[in-house]
Amino acid sequence: MSSINLQHKHADTALILSSETSRYKDSIYFALEAKCRIVEHAFLKIGLNKVRGSQVVEYSKWQDYQIIFGFRPEGLNRDGFFINQRYFNQIISSCIYEDYLKIIEERGSYWPG
């Protein structure tokens, strides 16, 4: 987590996995579980109300997976990332504590693993 704001009860997340991780066929689950554990920590241990994340538009499939865990798109940040001498548009999304609780109520746990 970064940019933790205890007064307004929100934080940003960042998740970078090694290219070594991608050689495993289930590598997407490593990233999803890591993100879920970060969100749980933010809500249950720190007492935040909102956790934000972002990814480049080209990774929009990642956003589809995050929706399962309560992350909803909030907007687009044009040229939000600069990677390998190129600018990329960025999708901003967030999960709020209320949605997190709904997921727990419906499924019994946040991360099913």
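Heads up: the structure comes first, above all this text.
(A) Main features of unusual backbone geometry. Of note in this structure, Lys 9 is not a glycine but carries a positive phi near 60°. Mapped onto the elements of the fold, Lys 9 is located in the loop between β1 (2-5) and β2 (10-12). Assessed through its relative accessible area of 40%, Lys 9 is described here as partly exposed. The phi angle at Asp 79 is positive, at roughly 55°, despite the residue not being glycine. Here Asp 79 is to be found in strand β4 (residues 72-83).

(B) Here's a closer look at the packing of aromatic side chains. Counted according to the given criterion, the structure contains seven aromatic pairs. Each residue in the set Phe 43, Phe 69, Tyr 97, Tyr 100, Tyr 110 and Trp 111 is aromatic and connected to the rest through ring pairs, giving one cluster. The side chain of Lys 35 reaches across the aromatic face of Phe 71, ending 4.6 Å from its centre.

(C) Quick look at the nonpolar core. Residues Val 39 and Tyr 110 are the most contacted members of the largest nonpolar core, which totals 17 residues. The element that contributes the greatest number of residues to this core is helix α1 (residues 27-46), accounting for six residues.

(D) Up close: the sheet that holds strand β5 (residues 86-96). Sheet architecture is open: five strands sit in the order β1-β2-β3-β5-β4, paired in mixed fashion. Either end of the sheet is taken by a strand with one partner, and the two such strands are β1 and β4. For this sheet, the mean inter-axis angle between neighbouring strands, taken without regard to orientation, is 20°. Sheet analysis places strand β3 (residues 50-56) next to β5, joined by seven bridges and oriented antiparallel. The residue bridging Arg 52 from the neighbouring strand is Ser 94, located in β5. On the sheet, α1 packs against β3 and β5 and is oriented at approximately 155° with respect to β3.

Rules and cut-offs
Residues numbered from 1 in each chain as written. Predicted model: local features only at pLDDT ≥ 70, side-chain atom pairs only at ≥ 80, totals over all residues. Heavy atoms only, no water. Helix = DSSP H or I, 4+ residues; strand = E, 2+ residues; numbered from the N terminus. Buried < 20%, exposed > 50% of the residue type's maximum accessible area, 1.4 Å probe, protein only. Phe/Tyr/Trp six-rings, centres within 6.5 Å; stacked < 30°, edge-to-face > 60°. Lys NZ or Arg CZ within 6 Å of the ring centre and 35° of its normal. Core = buried A, V, L, I, M, F, W, Y, C linked by side-chain atoms within 4.5 Å. Pairing = 2+ DSSP bridges. Axes fitted to C-alpha atoms, helices over the stretch in contact; angles between N-to-C directions. Contact = heavy atoms within 4.5 Å.

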